[in-house]
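Descriptive structure summary
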Amino acid sequence: MHELAVTKSILKLALEHTHQNHGECVISIFLIIGEMRNLEQDWIQRYFDYISKETAAEGAVINVKKVPVIFLCKSCEKQFTTNLKEDKKILCPHCSSFEYDLVSGREFIVEKLEIK
Amino acid sequence: MMDEIRIIDVRKNILSDNENEAEIIRQDLANKNIFMVNVMASPGAGKTSLIIQTLRRLKKQLRLAVIEGDIESTVDAEKIQAEGIPAVQIRTGGACHLDAPMVTAALDKLELSRVDMVFIENIGNLICPAEFDTGANLQVMILSVPEGDDKVLKYPLMFTVSDVLIVNKMDYLAGSDFNLEVLRRRAHELNPRIHIFEISCKTGLGLDEWCSWLLEITKNKIMS
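Let us look at the structure shown here.

Reading the values: the criteria
- Here, residues in each chain are numbered from 1, in the same order as that chain's written sequence.
- Key to labels: chains lettered from A, ligands numbered from 1, both in the order written.
- In view of the model being predicted, local features appear only for residues whose pLDDT reaches at least 70, and side-chain atom pairs are presented and counted only at 80 or more, with totals across whole chains, interfaces and linings using the full set of residues.
- Helix and strand assignments come from DSSP, with helices taken as H or I runs of at least 4 residues and strands as E runs of at least 2, each series counted from the N terminus.
- By definition here, a helix of n residues has an expected span of 1.5 Å times n minus one.
- The burial label depends on the number of other C-beta atoms within 10 Å of a residue's C-beta. Counts of 20 or more mean buried, 12 or fewer mean exposed, and intermediate counts mean partly exposed, with C-beta atoms placed from the backbone.
- Only buried Ala, Val, Leu, Ile, Met, Phe, Trp, Tyr and Cys residues enter a nonpolar core, and they are joined through C-beta atoms within 7 Å.
- C-beta atoms are first placed from the backbone for all residues, and any pair lying within 7 Å is then listed as a contact.
- Fitted lines through C-alpha atoms serve as axes, helices being fitted only where they are in contact, and the angles separating the N-to-C directions of these axes extend from 0 to 180 degrees.
- Between 65 and 115 degrees an angle is taken as roughly perpendicular, under 35 as roughly parallel, over 145 as roughly antiparallel, and anywhere else as oblique.
- By the definition used in this description, the sense in which the near helix is turned from the far one sets the handedness, with an anticlockwise turn below a right angle giving left-handed and a clockwise turn giving right-handed.
- Asp, Glu, Lys and Arg are counted as charged, while Ala, Val, Leu, Ile, Met, Phe, Trp, Tyr, Cys and Pro are counted as nonpolar; the rest, among them Gly, fall into the polar class.
- Strands qualify as paired when DSSP identifies two bridges or more between them.

Let us now look at helix α2 (residues 47-58) of chain B. Its 12 residues place the ends of α2(B) 16 Å apart at the C-alpha level, agreeing with the 16 Å of an ideal helix rising 1.5 Å per residue. Residues of α2(B) that are buried: Lys47(B), Thr48(B), Leu50(B), Ile51(B), Ile52(B), Gln53(B), Thr54(B) and Leu55(B).

Pasting the structure below:
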């Protein structure tokens, strides 16, 4: 159900932008999704195929660019990434600081469309 | 010309419609001096119990109301109404989260001129409710001791969107391998701003502390 609600929003955005740009149909959809989002490309595509039937987006291919989880260290101002699924302390690998902000990993964007 | 394949830039947040609606809700509630709290957790973590215990402690100071999200049943709304507090049930008919349009519809059913604070009991899971902004001012998640201290690793997004982490069922701590220190470290690493309260809805542990904190921030918000 989670992917379905999200997929409906993707379809709506794709159809709106295709219409605004006087396109006839959508060939592919490019998404940018942060690693922290629990979304699987296969499922988005499966739901999309189902809900886009008989629309201008029927048959469109979904491409997902995953964005890693990146933190910005407040002490040395360098960026670093980490695997959140592993149980290890998160600290800046450059200066060992525990003070940092999350700068990416939660993205959820329709980046562009390929239309004709 | 029409058959030419073109790339068009969209650069829009997938959930922007929901987020826009959530902002409208927040603005509307601010105008009406109402504070809204979104309670999220797994099934059985104690969402209804926490809300009921909080209502009992705050109902003398604040005029309260509850929006109950439930996939099919109405048992939770009935429990709230038994406390003498207005409750609106949203039956999502299978959807696993509440979104801003559903909350708008529920708020319309409440007599908002007689309300200071609204609780939303979201649908029980730690995934989708984290994705959909409901328009609430405060995001509260509950993790109960029997669920384990490793949930931060499995559901990181939920911990990054929450302002408050309530550790419920502290009465189960003895004899379990739940490590509070590890949980605190994991939660703070991901979200340094998160406030953590350790409670037991059964024994009453920590509930007064949580309620005084909540009352304080609510008063600051609705009286400013």
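Moving on: the nonpolar core. Taken as a class, soluble globular proteins show a tendency for nonpolar side chains to be buried jointly. Residues Ala14(A), Val39(B), Ile120(B) and Ile166(B) are the most contacted members of the largest nonpolar core, which totals 90 residues. Not counting the four nearest positions on each side in its chain, Ile166(B) is found in contact with Leu50(B), Val140(B), Ile142(B), Phe197(B), Ile199(B) and Trp210(B).

With that out of the way, let us pick up the packing of helix α1 (residues 2-20) of chain A against helix α2 (residues 41-51) of chain A. Residue and element names in this part refer to chain A. Relative to each other, α1 and α2 sit at 60 degrees, their axes nearing to 9 Å. By the angle between their directions, the pair α1 and α2 is classed as oblique. For the pair α1 and α2, the sense of crossing is right-handed. Residues Glu-3, Leu-4, Thr-7, Lys-8, Ile-10 and Leu-11 of α1 touch α2, and the partners they reach there are Trp-43, Ile-44, Tyr-47, Phe-48 and Ile-51. Tallied by class, residues from the contact of α1 with α2 come to eight nonpolar, one polar and two charged.

Let's shift gears to the pairing of strand β2 (residues 35-41) of chain B. Residue and element names in this part refer to chain B. Burial within β2 is extensive, with seven of its seven residues counted as buried. Alternating positions in β2 separate into two faces, Phe-35, Val-37, Val-39 and Ala-41 on one and Met-36, Asn-38 and Met-40 on the other, with burial throughout. Judged from the five bridges that link them, β2 and strand β6 (residues 138-144) form a sheet pairing that is parallel. Directly across from Val-37, in β6, lies its bridge partner Leu-138.

Residues and elements named next belong to chain B. Ordered by their spatial adjacency, seven strands build an open sheet running β4-β3-β5-β2-β6-β7-β8, and the pairing between neighbours is parallel. The open sheet terminates on both sides in strands that have one partner only, identified here as β4 (87-91) and β8 (195-198). Strand-to-strand twist in this sheet, taken as the mean axis angle between neighbours without regard to direction, amounts to 20 degrees. Bridge count for strand β3 (residues 64-70) against β4 is five bridges, and the pairing is parallel.

It is common to give the size of an interface as the accessible area lost on bringing the parts into contact. Across the contact, 29 residues belong to chain A and 25 residues belong to chain B. If you list the elements that add at least two residues to the side of chain A that touches chain B, you get α1 and β6 (108-115) of chain A. Counting residues per element, the side of chain A that touches chain B draws most heavily on β6(A), at eight residues. Strand direction decides the pairing type here: β6(A) and strand β1 (residues 6-13) of chain B, joined by six bridges, are antiparallel. Looking across to β1(B), one finds that Leu113(A) is bridged to Ile8(B).

Turning our attention to the sheet that holds strand β2 (residues 61-67) of chain A. By definition, the strands of a sheet pair up through backbone hydrogen bonds, in either a parallel or an antiparallel sense. Strand order across the open sheet formed by four strands is β2(A)-β1(A)-β6(A)-β1(B), with mixed pairing between neighbours. Two strands in the sheet have a free side with no partner beyond their single neighbour: β2 of chain A together with β1 of chain B. Along the sheet, successive strands turn relative to each other by an average axial angle of 20 degrees, direction set aside. Pairing geometry for strand β1 (residues 26-34) of chain A and β2(A), over seven bridges, is parallel. Within β2(A), the position partnered with Gly34(A) by the bridge is Val67(A). Across the sheet, α1(A) is in contact with β1 and β6 of chain A together with β1 of chain B; its angle to β6(A) comes to roughly 45 degrees.

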